[in-house]
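Summary of the model geometry
Chain by chain, the residues:
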Amino acid sequence: MHTLRRFTVALALCAVAVGCSNSNSASTSVAVDSAPAVTTVPVADTTIPVPDTTEAPAPAASTWDTITAPADCMCSDGSGFKFFVHRADPTKLVFYLEGGGACFDASTCGPDSKAFKRTVGHENGLDDLATGIFDFANPQNPFKDWSIVFVPYCTGDVHIGNTTHDYGNGVVIQHKGYVNGTTALKAAHDLFPDAGEIVVTGESAGSVPTPLYAGLARDMYTSASIKVLGDGSGAYPDIAGINAVIGANWGTMNAVPDWPENKGQTVETWSLPGLYIQAHKHAPDIVFSRHDYAFDKTQVFFAQLAGIPADDLVSLIDSNETQIEKSGMDLWSYISPGDSHTVLSKPDFYTETVNGTAFVQWVTDLVAGGLEPARLVEQRALHPALG
């Protein structure tokens, strides 16, 4: 078995209104002094004030377009779905899946639950999103000139569900994440058909399905370079009983791609780590990578919510990585110590560093195809409480 490719990182942590002058006065008086008889004629002020025509700058044009999805796309409560597009280099495309929790029973999906994001939100668009990989003015950003399709999350099913589920007591959830996500992916292909470099990425719940959507992207972009970068979901394990219960509630079997490699898959075997394995079988040229915090409090919370012991989260991450790599693929992992949750859309994207190598540089090299085993370091991350 080859060495795990892991990079463990220490957590490093107005518009101006201009007034115009309207004064046009000029002196035209003549003064005469009789002794001696000398006439003094002051020079008239013939300067004509030039009005200041500077106008208050117009509000900056939005860098994001809002696209309203068809009626079969919807959020958990049946409200409409929309996604967002940032247009830049049409040959470079980021397909980004938003996170926002999950729900899988009457309690977590109920009206008082705070476990997941229920509607698209972003009522004013995404122009206030300008940190991490969305900071297009930062010269360090490896995606500063890339086009981006941003897929909001509002279905509680980590973008892989396709059903309407009645949890009882009036709790009915539209788990249509797969319908929403694949609609946005098709639109991405329609908008950027010539993309030759594609990165499928996401945070938290949005990072879970990144390998699945990368495989779907390969079906559309047959010759593009495709890379996966998941952020914040590496600990969720493959447990048949949990796969079956949650998968049945979400309708995951209605969202399994019609790939030959998926023949024989069942609700018990269609797992989160398995998405990497199946996508690799389908498209072995895709490069798979992910980022996690070794003691991510959010992953601990959701694992325990699903009945999974998660006191030793980093062991779950290690176990998943071992299972994935046993299938014959390389999974490039960057595991930071600490209990934070996700980094891609945060300022910390530019500051996480170990041994002189920043995470932003690791991602830059990943995107450029320059990662090499010799440049990676394997090191056991320490829990913050242990120093």
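Residues numbered from 1 in each chain as written. Predicted model: local features only at pLDDT ≥ 70, side-chain atom pairs only at ≥ 80, totals over all residues. Heavy atoms only, no water.

What follows concerns helix H2 (residues 177-191). Spanning 15 residues, H2 covers 21 Å between terminal C-alpha atoms, matching the ideal 21 Å at 1.5 Å per step. Buried residues of H2: Gly-177, Tyr-178, Val-179, Asn-180, Gly-181, Ala-184, Leu-185, Ala-187 and Ala-188, and no others. (Helix = DSSP H or I, 4+ residues; strand = E, 2+ residues; numbered from the N terminus. Expected span 1.5 Å × (residues − 1). Buried < 20%, exposed > 50% of the residue type's maximum accessible area, 1.4 Å probe, protein only.)

Taking burial as the measure, the 6 residues of strand S13 (residues 331-336) include 6 buried ones, the bulk of the element. Burial of S13 is two-sided: the residues Leu-331, Ser-333 and Ile-335 facing one way and the residues Trp-332, Tyr-334 and Ser-336 facing the other way are all buried.

A full pass over the atoms with the stated rule returns 17 aromatic pairs. Seen from their ring centres, Tyr-96 and Phe-150 are 5.0 Å apart, and the 25° between their planes marks the pair as stacked. Remark: Phe-150 occurs in strand S7 (residues 146-151) and Tyr-96 occurs in strand S6 (residues 89-97); sequence separation between them is 54 residues. For the pair formed by Tyr-96 and Phe-150, the shared burial category is buried. Measuring from centroid to centroid gives 5.1 Å for Tyr-334 and Trp-362, while their planes differ by 65°, and the two rings are edge-to-face. (Phe/Tyr/Trp six-rings, centres within 6.5 Å; stacked < 30°, edge-to-face > 60°.)

Turning next to the pairing of S6. Pairing of S6 with S7 involves 6 bridges; the strand directions are parallel. Looking across to S7, one finds that Asp-89 is bridged to Trp-146. With 6 bridges connecting them, S6 and strand S10 (residues 197-203) associate as parallel partners. Looking at the pairing, Leu-93 lines up with Ile-198 of S10. (Pairing = 2+ DSSP bridges.)

Where H2 meets helix H3 (residues 210-220), the axes come as close as 11 Å, and the angle between the chain directions of the two elements is 40°. H3 is crossed by H2, and the crossing has right-handed handedness. Listed contacts from H3 to Gly-177, Tyr-178, Gly-181, Thr-182, Leu-185, Lys-186 and His-189 of H2 are Leu-212, Tyr-213, Leu-216, Ala-217 and Met-220. Each residue belonging to the contact of H2 with H3 can be placed in one class, and the counts come to 7 nonpolar, 4 polar and 1 charged. (Axes fitted to C-alpha atoms, helices over the stretch in contact; angles between N-to-C directions. Left-handed = near helix turned anticlockwise from the far one by under 90°. Contact = heavy atoms within 4.5 Å. Nonpolar A, V, L, I, M, F, W, Y, C, P; charged D, E, K, R; others polar.)

In this section: the layout of surface pockets. If a probe the size of a water molecule is rolled over the atoms, the empty space left behind becomes visible. In this structure, the largest pocket encloses a volume near 220 Å³. If you trace the largest pocket, you find 16 residues lining it, with Tyr-96, Glu-98, Gly-99, Glu-203 and Ser-345 closest to the centre. The residue inventory of the lining of the largest pocket, partitioned by class, reads 5 nonpolar, 7 polar and 4 charged. Put simply, the second largest pocket is a space of about 160 Å³. (1 Å grid on protein atoms, 1.4 Å probe; cavity = no way out; pocket = protein on both sides within 12 Å on 5 of 7 lines; lining within 4 Å. Points joined across faces, edges and corners; volume = space filled by probe spheres on them.)

Let us look at the state of the cysteines. Inspection of the entire model under this criterion finds 2 disulfides. Between the sulfur of Cys-75 and that of Cys-154 lies a disulfide, 2.1 Å long from S to S. With the S-S bond torsion at -80°, the cross-link from Cys-75 to Cys-154 turns out left-handed. With a gap of 79 residues between them, Cys-75 in the loop between strand S4 (65-68) and strand S5 (82-86) and Cys-154 in the loop between S7 and strand S8 (163-168) connect regions that are remote in the sequence. Grouping residues by exposure puts Cys-75 and Cys-154 together as buried. Covalently, Cys-103 is tied to Cys-109 through a disulfide, its sulfur atoms 2.1 Å apart. For the disulfide bridge between Cys-103 and Cys-109, the dihedral angle about the S-S bond is near 95°, and by the sign convention the bridge is right-handed. (Disulfide = S-S within 2.5 Å.)

Everything listed here is a matter of coordinates, which is why it stays silent on function.
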